[in-house]
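The residues making up each chain are set out below.
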Amino acid sequence: MSGHRLPRGGVIDRDREIGFTFDGRRYRGYAGDSLAAALLANGVGLVGRSLKYHRPRGVVAAGAEEPNALVTLGDGARTEPNCNAAMVELFDGLAARSQNRWPSLAVDLMAAAGLAGPLLAAGFYYKTFMAPTRKAWMVYERVIRRAAGLGAGTLLPDRDRYEAMNAFCDVLVVGAGPSGLMAALAAARAGARVILADEHAVPGGALAGAGVQVGGTTGHDWAGATAAALAATPTATVLPRTTVYGYYDDNTLGAVERVTDHLPVPPDGAPRQRHWTIRARRVVLATGAVERPIVFAGNDTPGVMLADAARTYAERYAVAAGRRIAVFANNDGAYRTVGALAAAGVTVVAVVDPRTAIGAAAAAIARAAGAELLAGHVVARARGGRALATIEVAPLDAASRADGAVRRLAIDALAVGGGWTPTIHLASQAGGKPVWDEALAAFLPGAPRQPWRAVGACAGALDTAACLAAGAEAGSEAARACGRDGADVPIPPARPEPVGDRPHALWHVPSGRRGKAFVDLQNDVTVEDVRLAHREGFRSAEHLKRYTTLGMATDQGKTSNVVGLALMAAARQVSIAEVGTTRYRPPYTPVVLGALAGSARGAAFRPTRRTPMHDWHVAHGADMGAAGLWLRPLVYRRPGETVEDGYIREARQVRASVGMVDVSTLGKIDVQGPDAAELLNRVYINAWLKLPVGKARYGVMLREDGIVFDDGTTWRLGETRYLMTTTTANAAAVLAHLEFLLATAWPDLRVAVTSITEQWAGMAVAGPNSRAVLAAALDDFDMADAAFGFMAVRDGHLDGVPVLVTRLSFSGELAYEVYAPAHHGDAAWRRIMAAGRDFGIVPYGTEAMGALRIEKGHASGPEIDGRTTADDLGFGAMASRTKAHVGRAMMDRDGLVDPRRGKLVGVVSLDGGPIRSGSHVVAGTGRSPGRSLGHVSSATFSPALDRHIALALVEGGRERIGDRLYATDPLRGGHVPVEIAAPCFFDPDGTRMHG
């Protein structure tokens, strides 16, 4: 192959050529290549454009820290933007596209944004987009949203499958470098249950190339053999291609396994990715370290990359970063790159080192490579457009002067090594603040708050032999902590490497020459941006991040954060430790949302609940609709009927005779214990201590802020037992609310609360003949008014099945609710329908139920919308002023008792036209009807009144009864003259309900 592919070396399979495309052009690579390696091998140096200035960018790194080489993969429903080319495994037919450019990568007209550089400095969005007026954003928004972001996703449904796994282990080892492999091996040989997870396809970490010698063989071969031995151990699980992205409480970690992303066509039934929730007794963090750059003018030019990345591409992928390479480094460890490049036959023109005293081993490597060693020098500037052409080299003390001595070196690649940044993301998530180490010029993990230990480069050990020893010790220690006999594992010998004791603390090369110096390559954050943030007062690490967007890109600042903090420390004239770091938060790398969702998508997004009578409803023509997690009948349409025709017929029959509705979906909570009455008294606004056994009461709950939370009836079944009912939508929320209060606010209350929603089937029988129907259906049950009065609760039997019956109504009709055990629900429903046949009983759905409750003026979900108070809804008189209850302290806040608040009223259409829910209530006509006085919350056609009515929340509503206003809906059309009325349209004195 041509381009920059080396004729020998690497751990790729040269017998398996792979075809792929980039921006529509065909290229060839080998099995084992990453996309970034294959592009470099084919001489493709320009791979993307930066976010803000659209500057040309090339490959910088060889792992998860890559900031530039982001591509879009796939097409159609499988389109995935912002994929890190350094982590994408090459497969036959892979199609990648560059991003953030128009019309092409080579000719990007959006690069004109660079001409506006002074206007796009740090914080430009804060200063520009909100000026000159607040409405200016309406002008800017469309342009800004179109320009924002990098890649574009798809709006098509994701066709791939995802799985979720839960795993438990004694020891989780994160990272399969030398430390991680030894830790996992030591723990497994001690008998511990071990999971080893690594984000790469092949194990070894820094050993994945062929240059490091371990145990008498190459690091790559030793790592492969060790991982294979672990995989063959019954108590060990090896997870390649698995990124542990988050460390949570109780030693729970989240990970994503890329199961088939590396395959051209996923096998049938195989998931694309698998999400792992891992609960470990002990964790060993062997997450390694990433090399950081040195910042100088033009450091974003394609061809400038990290020194360790240049070594990795040469040793692992047999790819030369360039034909003539220079190395710019401030530490001995980067000289390993010099040796690796020379061994691969790459010309190393020069080694530029700001230090005047260089270790003997490092200097010998430079001499052996035939490279000119420029000690005490720095790269002051890189020059080139879409590819690196030359660098300007100057003595360290002269670099900042425009007239300083400068040498120009003609090269096409520059490998930069500014020291190492331990990958402490997971350690920071689960530990204390990172600790600055002056010798390493890096942050190390803070004090553990959970049972984990950091080892290897993550803990600051940069020598392979030290990493192997630390890993073995950590694995044995973790196994012993889990009750296993820690075994001594032989530590393989490793060839000494030039790691250096301390890097020269050089973060930025000041230059008197033109050219931007970039700290964060992806987000175009420059050195001057950091200094501007300092001048404008954004000096803390958190403010620096948000004001400049430093570290806020998809790479989360893996190579840029520490450099940015160092620049801020210099501006503030304090130590880097005093500046500190931002809080590390998951995920470590971007996570596909499908992996988090797993199989919970489409119909499986959440469980679909069906009541015991579901099949009966469907068989009898019900239109089913979702109510929270449940399916409920909307209307039982007959042939030729519309939905409106159907619910009007049903509601009229309820008013005229009798109907039955399925209320199984109502939340049902069993409340038991000596303090059950006290609990109810504290969560409801009205009194509950004296409710007799065998009686039900209506109650309203508030949130802590005084806003209505839920309503429903609660029945006293015994001295210490109650059955609380809630709205369908709030069943789970109310239970969680009670559990929270009992666990935190009132742990002294002797009460147990249990959801029994699914244990009972419920049916409400309403209408003038409801009593007669139930008298015929129930066994030996006295339905007389004297024996079974309003809000009474009784046990009984229906065809021998025990049932619970209460007399209550939300429709304004004589009504009852019958609860039967769920497995008898269908039989109970059928029995009642049979008993009501002579009375013309009809099943009715939620549409008719809504019409009946609006006629009665009963507030429901549309009115209890998280913004209304008890007084807004007409429940103010219910609220006790003497007892303490949830929300009591806040319900009298000025804003909640403001007379201008909307109050619940009725609305009647004056011209016969329909009133739309959501319409605004206004006083005027025409195109400018004046300000909104409120809104319509629920609307229906009333069969009882034979006209369109609604409930609304209107400013000063109770004083407006009799006023004529308008319900206007400018979005959907409609301006209906209405009259404000009392909210209860039907049976206002309760005669029918209490009859």
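Just so it is clear, the model here is predicted, and its values are computed rather than measured.

Some details on the sheet that holds strand β24 (residues 413-417)
Logical step 1: The strand order across the open sheet built from five strands is β17-β24-β18-β19-β20, with neighbouring strands paired in parallel fashion. Because the sheet does not close on itself, it has two edges, and the strands there are β17 (304-306) and β20 (372-375). On average, each strand axis in the sheet is tilted by 20° relative to the strand beside it, whichever way the strands run.
Logical step 2: For strand β19 (residues 347-353) and β20, the ladder comprises four bridges, and the chain directions are parallel.

Some points on the sheet that holds strand β31 (residues 609-610)
Logical step 1: Taken in spatial order, the three strands line up as β31-β33-β32 in an open sheet, and their pairing is mixed. The open sheet is flanked by β31 and β32 (622-627), the only strands paired with a single partner.
Logical step 2: Summarising the sheet, β32 and strand β33 (residues 630-636) pair through six bridges and their orientation is antiparallel. Residue Ala 627 lies in a different strand from β33, and its bridge partner there is Trp 630.

Concerning the pairing of strand β45 (residues 902-909)
For a regular strand, the rule is simple: side chains alternate between the two faces of the sheet.
Logical step 1: Counting buried residues along β45, seven of its eight residues qualify, which places the element largely inside the surrounding structure.
Logical step 2: Examined bridge by bridge, β45 and strand β50 (residues 975-981) share four bridges and lie antiparallel to one another. Looking at the pairing, Val 907 lines up with Ile 980 of β50.

With respect to the pattern of salt bridges
A side chain of one charge can pair with a side chain of the opposite charge when the charged atoms of the two come close.
Logical step 1: Per the stated rule, a full pass over the model turns up 58 salt bridges.
Logical step 2: The shortest N-O distance in the salt bridge between Asp 987 and Lys 856 comes to 3.8 Å. Note that Asp 987 is positioned in the segment after β50 and Lys 856 in helix α22 (residues 846-856), a separation of 131 residues in sequence.
Logical step 3: We classify Asp 987 as buried; its relative accessible area is 8%.
Logical step 4: For Arg 901, the salt bridge is made with Asp 872, and the minimal N-O distance between the two is 2.6 Å. Note that Arg 901 is positioned in the loop between α22 and β45 and Asp 872 in the loop between α22 and β45, a separation of 29 residues in sequence.
Logical step 5: In this structure, a network of salt bridges that share partners links the residues Asp 871, Asp 872, Arg 901, Lys 903 and Arg 958.

Things to note about the packing of helix α11 (residues 527-535) against helix α12 (residues 541-548)
Logical step 1: Closest axis-to-axis distance for the α11/α12 pair is 10 Å, and the angle between their directions is 120°. Considered as vectors, α11 and α12 are oriented oblique to each other. Crossing hand, α11 versus α12: right-handed. Of the residues in α12, those touching α11 at Asp 529, Val 530 and Ala 533 are Leu 544, Tyr 547 and Thr 548.
Logical step 2: Partitioning the contact of α11 with α12 into residue classes produces four nonpolar, one polar and one charged.

A short note on helix α7 (residues 335-343)
Logical step 1: Along α7, the residues that are buried comprise Tyr 335, Thr 337, Val 338, Ala 340 and Leu 341.
Logical step 2: Here the buried face of α7 lies against α6 (307-315), β18 (324-329), β19, α8 (360-368) and β20.
Logical step 3: Phi turns positive, to about 90°, at Gly 345, one or two residues after α7.

Let's talk about the environment of Ile 294
Logical step 1: Considering the arrangement of structural elements, one finds Ile 294 in the loop between β16 (289-291) and β17.
Logical step 2: Overall, Ile 294 belongs to the buried group, its relative accessible area being 1%.
Logical step 3: Remark: the alpha-carbon pair of Ile 294 and Val 563, spanning 269 residues in sequence, is separated by 8.0 Å.
Logical step 4: Setting aside residues no more than four positions away along its own chain, Ile 294 makes contact with Asn 299, Phe 328, Asn 330, Val 416, Gly 417, Gly 418, Leu 506, Trp 507 and Val 509.

Side note on a nonpolar patch on the surface
Logical step 1: Judged by side-chain polarity, Trp 102, Val 107, Leu 109 and Met 110 come together as a nonpolar surface patch covering roughly 420 Å² of accessible area.
Logical step 2: Mapped onto the fold, Met 110 is located in the loop between β7 (94-97) and α2 (124-128).
Logical step 3: The class of Met 110 is partly exposed, set by a relative accessible area of 36%.

Quick word on the side chain of Ser 909
Logical step 1: By the secondary structure assignment, Ser 909 is in strand β45.
Logical step 2: On the basis of relative accessible area, Ser 909 is assigned to the buried category, the value being 2%.
Logical step 3: A distance of 3.3 Å separates polar atoms of two side chains, one belonging to Ser 909 and the other to Asp 911.
Logical step 4: What Ser 909 contacts, discounting residues up to four positions off in sequence, is Ile 915, Arg 947, His 948, Val 976, Pro 977 and Val 978.

Looking at the nonpolar core
Logical step 1: Judged by nonpolar contacts, the single largest core of 69 residues is most densely connected at Leu 35 and Tyr 313.
Logical step 2: Ranked by residue count, the leading element in this core is helix α1 (residues 35-41), at seven residues.
Logical step 3: When near neighbours in sequence (up to four residues on either side) are disregarded, Tyr 313 contacts Ser 34, Ala 36, Ala 37, Leu 40, Val 59, Ala 61, Ala 62, Ala 86, Met 305, Ala 318 and Val 319.

Quick look at unusual backbone geometry
Logical step 1: In this structure, the amide linkage connecting Trp 102 to the following residue, Pro 103, adopts the cis form with an omega of 5°.
Logical step 2: The residue Pro 103 is located in the loop between β7 and α2 in this model.
Logical step 3: Across the junction of Pro 586 and Pro 587, the peptide omega takes the value 5°, indicating a cis bond.
Logical step 4: By the secondary structure assignment, Pro 587 is in the loop between α14 (576-579) and α15 (593-597).
Logical step 5: Positive phi, close to 55°, is recorded for Arg 241, a residue that is not glycine.
Logical step 6: With respect to the helices, strands and loops of the structure, Arg 241 is situated in the loop between β12 (236-239) and β13 (242-248).

Let's talk about the environment of Gly 204
Logical step 1: Within the secondary structure, Gly 204 sits in the loop between β9 (194-197) and β10 (213-214).
Logical step 2: Here the alpha-carbon distance between Gly 204 and Ala 369, two residues 165 residues apart in the chain, equals 26 Å.
Logical step 3: Beyond its immediate stretch of four places on either side in the chain, Gly 204 contacts Ala 176, Gly 177, Pro 178, Leu 181 and Ala 223.

Some points on helix α20 (residues 770-777)
Logical step 1: All of the buried residues along α20 are Ser 770, Val 773, Leu 774 and Ala 777. All buried residues of α20 project into a common sector of 90° when viewed along the axis, lining one side.

Observations regarding the side chain of His 737
Logical step 1: Position of His 737 among the secondary structure elements: in helix α19 (residues 731-745).
Logical step 2: A residue is classified by how much of its surface remains accessible, and His 737, at 11% relative accessible area, is buried.
Logical step 3: Once you skip the residues sitting within four places of it in the chain, His 737 turns out to touch Leu 702, Glu 704, Phe 709 and Val 886.

Conventions we followed
- Starting afresh in each chain, residues are numbered from 1 along the sequence in its written order.
- The model is predicted, so local features are restricted to residues of pLDDT at least 70 and side-chain atom pairs to those at 80 or more, both for listing and for counting; the totals for chains, interfaces and linings are taken over all residues.
- Calculated side-chain values reflect all of the structure's heavy atoms, with hydrogen atoms and water omitted.
- Two strands are counted as paired when DSSP detects at least two bridges linking them.
- Helix and strand labels come from DSSP, where a helix needs a run of H or I of at least four residues and a strand needs a run of E of at least two; each type is numbered from the N terminus.
- Axes here mean lines fitted to C-alpha atoms, for a helix over just the part in contact, with angles spanning 0 to 180 degrees between N-to-C directions.
- Classification of residues uses two cut-offs on accessible area relative to the type maximum, computed with a 1.4 Å probe and protein chains only: under 20% is buried, over 50% is exposed, and between them is partly exposed.
- Each salt bridge in this description consists of a side-chain nitrogen of Lys or Arg and a carboxyl oxygen of Asp or Glu lying within 4 Å of one another.
- Comment on the angle field: the value is read as roughly parallel under 35 degrees, roughly antiparallel over 145, roughly perpendicular from 65 to 115, and oblique elsewhere.
- A clockwise turn of the near helix away from the far one marks a right-handed crossing, whereas an anticlockwise turn of less than a right angle marks a left-handed crossing.
- The criterion used for residue contact is that any of the two residues' heavy atoms lie within 4.5 Å.
- When residues are grouped by polarity, Ala, Val, Leu, Ile, Met, Phe, Trp, Tyr, Cys and Pro land in nonpolar, Asp, Glu, Lys and Arg in charged, and all others, Gly among them, in polar.
- Patches draw on residues past 30% relative accessible area with no salt bridge. Two like charges within 9 Å are joined, as are two nonpolar side chains (Val, Leu, Ile, Met, Phe, Trp, Tyr) within 5 Å.
- Working definition of accessibility: Shrake-Rupley area with a 1.4 Å probe, residue cover restricted to the visible protein chains.
- The term polar contact refers here to a pair of N or O atoms within 3.5 Å; inside protein, the definition further demands a hydrogen-donor-capable atom paired with an acceptor-capable atom, and it admits residues adjacent in sequence only when both atoms are side-chain atoms.
- Take the buried Ala, Val, Leu, Ile, Met, Phe, Trp, Tyr and Cys residues and link them wherever side-chain atoms come within 4.5 Å; each set so joined is a nonpolar core.
- The arc refers to the directions leading from the helix axis to the C-beta atoms.

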